[in-house]
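Spelled out, the chains give:
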Amino acid sequence: VVGGAYMAVIGIFGIISDVFSLAAIDIVLHLYVSFFGIIVVVLEAKGALFTQERKDKIIYYFRAMAYVWGRGVFFIFCCSVMFSIGGLLCWIGGAYMAALGIFMIVTGSKSSKHLGSLKGEIRNDKHAAKLFHKYDADHSGALDTREFAKLAKDLGHELTHPLLESTIMQLDADRSGTIDMKEFMDWYHSKNELFDIPGVQS
């Protein structure tokens, strides 16, 4: 959220400055920076203005954004745009987005591999449903972060906190913060954790 807000502000002030200097190319670049910054904020922020419907709309058109690694690639792209503008503020923002993007790509890719291995431990639909209900300790109808971590650990995959957050994000199609039965089964039936996005229709 911080990176997106920073980009939006830098872009807006850049546009104002460029209008007075009549720098057409810089105006376009700053427009892109502002637009991309707003996308980041909408995807990452919570609150009445940042509804799930708006997040889903972005993911519908930019499917990879449903994944941590996909957002990482997008952040690095944002970095390249900011670097192309130049200036200290853009360099700082670009470096931040690049570092965050690299971290997200690495974490997202690792979590996808863990999900693939985890799926291999599940024998069939009946076994998947049984596991879901077993680890839904509070009988809420959804697995929270702690419950999913225990499920993964008992199946031989102890996840670090960043990997766990990334993994939850990949399964949590409605961005509720938990994994319901449909999301769990959608993941189990998906063919490729790196590219199949549960809950998002073509």
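Rules used in this analysis
- Residues numbered from 1 in each chain as written.
- Predicted model: local features only at pLDDT ≥ 70, side-chain atom pairs only at ≥ 80, totals over all residues.
- Heavy atoms only, no water.
- Helix = DSSP H or I, 4+ residues; strand = E, 2+ residues; numbered from the N terminus.
- Salt bridge = Lys/Arg side-chain N within 4 Å of Asp/Glu carboxyl O.
- Buried < 20%, exposed > 50% of the residue type's maximum accessible area, 1.4 Å probe, protein only.
- Axes fitted to C-alpha atoms, helices over the stretch in contact; angles between N-to-C directions.
- Parallel < 35°, antiparallel > 145°, perpendicular 65-115°, else oblique.
- Left-handed = near helix turned anticlockwise from the far one by under 90°.
- Contact = heavy atoms within 4.5 Å.
- Nonpolar A, V, L, I, M, F, W, Y, C, P; charged D, E, K, R; others polar.

**Student:** Hey, could you go over unusual backbone geometry for me, with residue numbers and the actual values?
**Tutor:** Not every positive phi belongs to a glycine, and H139 is a case in point at roughly 55°. Looking at the secondary structure, you find H139 in the loop between α6 (125–135) and β1 (142–143).

**Student:** Just give me the short version of the pattern of salt bridges, but keep the residues and values in it.
**Tutor:** All chains considered together, the criterion is met by three salt bridges. Residues K150 and D154 are paired through a salt bridge, measuring 3.5 Å at the closest nitrogen-oxygen approach. Of this pair, K150 and D154 both sit in helix α7 (residues 145–154), separated by four residues, roughly a single helical turn. Its relative accessible area of 47% is what places K150 among the partly exposed residues. When its relative accessible area of 43% is taken as the criterion, D154 is described as partly exposed. Here K182 makes a salt bridge to D186, at a shortest N to O gap of 2.8 Å. Taken together, the positions of K182 and D186, both in helix α9 (residues 181–189) and four residues apart, correspond to about one turn of that helix. Residue K182 is classed as exposed on the basis of its relative accessible area, which comes to 55%.

**Student:** Explain the packing of helix α2 (residues 24–44) against helix α4 (residues 68–85) residue by residue, including any values.
**Tutor:** At a minimum axis distance of 10 Å, the contact between α2 and α4 shows a crossing angle of 155°. Taken together, the axis directions place α2 and α4 in an arrangement best described as roughly antiparallel. α2 and α4 meet at a crossing whose hand is left-handed. Together, L29, H30, Y32, V33, F36, I39, V40, L43 and E44 of α2 and R71, F74, F75, F77, C78, V81, M82, S84 and I85 of α4 make up the contact between the two elements. Of the residues belonging to the contact of α2 with α4, the class tally is 14 nonpolar, two polar and two charged.

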